[in-house]
Amino acid sequence: MMGRAGPLAWSLSAVAMMLFAVGVGLSAAGAASDGPHLGTTGVLFFAVVLTYALVGAVVASSRPSNPIGWLLLTEGLLFQLVCFSIGYTHYAVYAEQGRLRGGAMVAWAGNATWIPILVVASLVLMIFPTGRLRSARWRPVVVVGFVLATASFAAQAFRPGSMGGSLSSLDNPLGVPGTTDFLSVLGAVSTRAAGPFLVGAALLSFGLRFREADGEQRQQLRWLAYAAFLLIGGFLLGDVLQTLGVASSIYALGYLVPLAALPLAIGIAILRYRLYQIEVVIDRTVIVAGVAGFAGLVYVALVVGVGALVGDRTGSNVVLVAVATAVIALAAQPVLRWAQRLGRRIAYGAPSAHEVELGLALRCLGVFRVFRDGHPVSSTAWQSKKARTLLKILVARRGRSTPRELLMEQLWPDEDPAKLSNRLSVALATVRAVLDPDKRYAADHYITADRDAMRLDLQQVAVDVEDFLACAGSGLTLVRQGRSAEGAPALTKAAAMYAGDFLEEDTYENWASDLRDQTRATYITVVRTLAEISVEARQGDAAIGHYLHLLAKDPWDEDAHLSIVRSLEAAGRHGEARRHYRGYAARMTELGLPAAPFPTRGPA
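Residues numbered from 1 in each chain as written. Predicted model: local features only at pLDDT ≥ 70, side-chain atom pairs only at ≥ 80, totals over all residues. Heavy atoms only, no water.

S.K.: Can you break down the overall build of the chain residue by residue, with the values?
M.R.: Along the chain, the regular secondary structure elements total 22 helices and seven strands. A burial count over the chain gives 44% of its 604 residues as buried. Partitioning the intrachain contacts of the chain with sequence separation of at least 6 by distance along the chain shows that 67% fall at a separation of at least 24. Carbon and sulfur atoms form 61% of the exposed surface of the chain, whose accessible area is close to 30400 Å². (Helix = DSSP H or I, 4+ residues; strand = E, 2+ residues; numbered from the N terminus. Buried < 20%, exposed > 50% of the residue type's maximum accessible area, 1.4 Å probe, protein only. Contact = heavy atoms within 4.5 Å. Areas by Shrake-Rupley, 256 points an atom, 1.4 Å probe, with all protein chains shown as cover.)

S.K.: Describe the sheet that holds strand E2 (residues 369–372), listing the residues and the values that go with them.
M.R.: With mixed pairing, four strands are arranged side by side in an open sheet as E3-E2-E1-E7. In this open sheet, the two strands that pair with only one neighbour each are strand E3 (375–376) and strand E7 (462–463). Where E2 and E3 come together, two bridges link them in antiparallel fashion. Residue pairing for E3: Arg372 is matched across the bridge by His375. (Pairing = 2+ DSSP bridges.)

S.K.: Can you explain the packing of aromatic side chains? Please cite residues and give values.
M.R.: Geometrically, a pair of aromatic rings is defined through the distance of the ring centres and the angle of the planes. As enumerated under the stated definition, the model contains 14 aromatic pairs in all. Plain terms: the ring middles of Phe84 and Tyr88 are 5.4 Å apart, the flat faces sit at 40° to each other, and that makes the pair tilted. In this pair, Phe84 and Tyr88 are both assigned in helix H4 (residues 67–95), four residues apart and thus about one turn of the helix distant. In this structure, Phe84 and Tyr88 share a single accessibility class: buried. Taken together, the ring pairs in this structure connect Phe45, Phe46, Tyr52, Phe79 and Trp114 into an aromatic cluster. The ring of Phe598 is capped by Arg578, whose NZ or CZ atom sits 3.7 Å from the centre of that ring. It is Arg587 that lies over the ring of Trp556; its NZ or CZ is 5.5 Å from the centre. (Phe/Tyr/Trp six-rings, centres within 6.5 Å; stacked < 30°, edge-to-face > 60°. Lys NZ or Arg CZ within 6 Å of the ring centre and 35° of its normal.)

S.K.: Describe the pattern of salt bridges, listing the residues and the values that go with them.
M.R.: As enumerated under the stated definition, the model contains 14 salt bridges in all. The residue Glu355 makes a salt bridge to Arg363 at a minimum N-O spacing of 3.2 Å. Of the two residues, Glu355 and Arg363, both sit in the buried class. Put simply, Lys392, Glu505 and Asp506 are held in one network by salt bridges that share partners. (Salt bridge = Lys/Arg side-chain N within 4 Å of Asp/Glu carboxyl O.)

S.K.: An account of the pairing of strand E6 (residues 453–456) is needed here, citing residue identities and associated values.
M.R.: Every regular strand shows the same layout, with side chains that alternate between the two sheet faces. Summarising the sheet, strand E4 (residues 402–403) and E6 pair through two bridges and their orientation is antiparallel. Across the sheet, Pro403 pairs through a bridge with Ala453, a residue of E6. The pairing of strand E5 (residues 447–449) with E6 spans three bridges and is classified as antiparallel. When the sheet's bridge partners are listed, Thr448 is paired in E6 with Arg455.

S.K.: Run through the sheet that holds E4, naming residues and quoting values.
M.R.: Overall, antiparallel pairing links the three strands, which are arranged E4-E6-E5 in an open sheet. In the strand order of this sheet, the two ends are held by E4 and E5, each with one partner. Relative to the sheet, helix H14 (residues 385–396) contacts E4, E5 and E6, its axis offset from that of E6 by approximately 75°. Of the strands in this sheet, E5 and E6 touch helix H16 (residues 421–435), which is tilted by about 150° from E5. (Axes fitted to C-alpha atoms, helices over the stretch in contact; angles between N-to-C directions.)

S.K.: Describe helix H5 (residues 103–111), naming the residues involved and giving the relevant values.
M.R.: Among all positions of H5, only Gly103, Val106, Ala107, Trp108 and Gly110 are buried. Where the residues of H5 are buried, they touch H4, helix H6 (114–127) and helix H7 (139–158).

S.K.: Would you mind going over the pairing of E2 in detail, with residue names and values included?
M.R.: Sheet topology places strand E1 (residues 360–363) next to E2; four bridges connect them, and they run antiparallel. Counterpart to Arg363 in the pairing with E2 is Arg369. Here E1 hands over to E2 after five residues, with Gly366 in that stretch at a positive phi of 95°. Joining the antiparallel neighbours E2 and E3 is a turn of two residues, in which Asp373 adopts a positive phi near 50°.

S.K.: Can you lay out the nonpolar core for me, pointing to particular residues and giving the numbers?
M.R.: The biggest cluster of nonpolar side chains holds 74 residues, and the ones touching the most others in it are Leu362 and Leu390. With 11 residues, the top contributor of residues to this core is helix H19 (residues 510–536). Ignoring any residue separated from it by four or fewer positions in sequence, one finds Leu362 in contact with Arg369, Val370, Leu391, Val395, Leu435, Leu456, Val461, Ala462, Val463 and Asp464. Of all hydrophobic cores here, the second largest spans 49 residues; its members include Phe20, Phe79, Leu259 and Ala260. (Core = buried A, V, L, I, M, F, W, Y, C linked by side-chain atoms within 4.5 Å.)

S.K.: Kindly report on the environment of Ala427, identifying the contributing residues and their values.
M.R.: Looking at the secondary structure, you find Ala427 in helix H16. With 38 residues separating them along the chain, Ala427 and Thr389 place their C-alpha atoms 9.2 Å apart.

S.K.: So what's going on with the environment of Pro599? Residues and values would help.
M.R.: Positionally, Pro599 belongs in the segment after helix H22 (574–590). Residues Pro599 and Arg566 lie 33 residues apart in sequence; the distance between their C-alpha atoms is 6.2 Å.

S.K.: Can you lay out the packing of helix H20 (residues 540–553) against helix H21 (residues 558–570) for me, pointing to particular residues and giving the numbers?
M.R.: Between H20 and H21, whose axes approach to 9 Å, the crossing angle comes to 160°. Viewed along their axes, H20 and H21 adopt a mutual orientation that is roughly antiparallel. Read as a crossing pair, H20 and H21 show a hand that is left-handed. In this structure, H20 contributes Gly540, Ala543, Ile544, Tyr547, Leu548, Leu550 and Leu551 to the contact, and H21 contributes Asp559, Ala560, His561, Ser563, Ile564, Ser567 and Leu568. Split by residue class, the contact of H20 with H21 holds nine nonpolar, four polar and one charged. (Parallel < 35°, antiparallel > 145°, perpendicular 65-115°, else oblique. Left-handed = near helix turned anticlockwise from the far one by under 90°. Nonpolar A, V, L, I, M, F, W, Y, C, P; charged D, E, K, R; others polar.)

S.K.: Could you give an account of the environment of Arg432, naming the residues involved and the relevant values?
M.R.: Mapped onto the elements of the fold, Arg432 is located in helix H16. Once the C-alpha coordinates of Arg432 and Ile447 are considered, the two residues, 15 residues apart in sequence, prove to be 7.4 Å apart. Apart from the residues within four sequence positions on either side, Arg432 is in contact with Ala443, Asp444, Ile447, Thr448 and Ala449. A distance of 2.7 Å separates a polar atom in the side chain of Arg432 from the backbone oxygen of Ile447. (Polar contact = N/O pair within 3.5 Å; in protein donor to acceptor, adjacent residues only side chain to side chain.)

Given below as structure tokens:
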């Protein structure tokens, strides 16, 4: 399928581009004032949504087994079918009657396409990012949504009489005589129900996935969530600009530009291209939006608000613009610092007390980040990838002294160690310059080095993996001593600290594997212990949540599967228990192992 997927995907993308070009061309060729036509905003809109077809082609050709790429292609084709319909109808029906045939049918096709567009968009959200529904329980939801959408489509597509709106002068060519009253009622009910149902189901599915996901899948979901918030912000900005009387060709950009962010974010997430840069993108977006928003508010308050009170006096607008500019200039630095703090908090979370105390923090659970005084160090600060890797290796060594020969072998495995001493010294100097660019401390403050070895001083640096292991260890010790009530808060805190596996972007590096395995095993023990504590406290939902987090790390964990079944049975959710047991049995079959009998007793 891989060989045929590429040509097919790009051919469908080419069809979408052709529909766009023909639609715009026909709309421009006709000079009629009646009927639908594509103005500047319309052309911009359909140009922007071409990204759905283009990104869909890239995803479908690269990941043909994931239906999301094909759904994006379908969405792009549907959008461009509407574009073609508008242009063709404008030319064939209103501008040059008789020159082209089938104008009414093309108008009908475009008029009925918006419902399938909503259905496809909702389905993408429901199956993102895996290409599958969360579970078999969501199949009835999809069926109900499809039935409502089909009813709404049928009511609009086959109701006799005028097609309404800009097509009010055209009668529905496929209208069924004598069904006006029935289809009007059907349309009123199904249309009001279909939209909220589909959108609500899609958002609920996405929210549940986001809550349960971790590691790579959580990063994928964050990309889509970022694009969605950007789209909402764009619509709000567009509404504000429209209210202020800004030209439509300008305020429409607030709506249009973020529309392209959705397919681009989906493509990045599915293809995993720069997947772990989402925090940087969010951070910078918040900073830019915060500064621009402040400037906009000052301008609106002074130039528009005060200007309306003062009235249109000679020179008053010039003075107000000058005052607004001065206020913005004076407040620029404080606002920038505030925006940077806000962006850091939103993108990376609030710094821990340990990070605040030491000033330098290394985050290695999930994505590797370095923070100085609460601010993330940009990737451009590193002059070489080897220097960054050197710091990671020292973190993985957990403060132990590491021989220079071993470091050179791990950094440059295929080169002669006798020629690498200077290169290692340069890498060390680069790391020290990144950690302490202002040279506030002695050279060996963070990294101690001599002629034979070097190590990271963990007393001077806050390292999240060390904090996690310490927190988890104290909680587990309390539980083993029979003090579960005291240990549970520490375990809950440790579980929240686990943002992902140790150095996820270095999955295949041998020097990272030992600490990665240790932290992963510790996390699993923490979550399993929390689940057992919840079972003992008869908190079934909490226990199920913890066991689901276990299965996210190990889908074949038999004890977690059976514990979920027992908890569901104890809660009287027998159908869910049976469905989960069937999923567990399928997992065991994948391993070639027999499934345990269905547990009939709930937790004690």
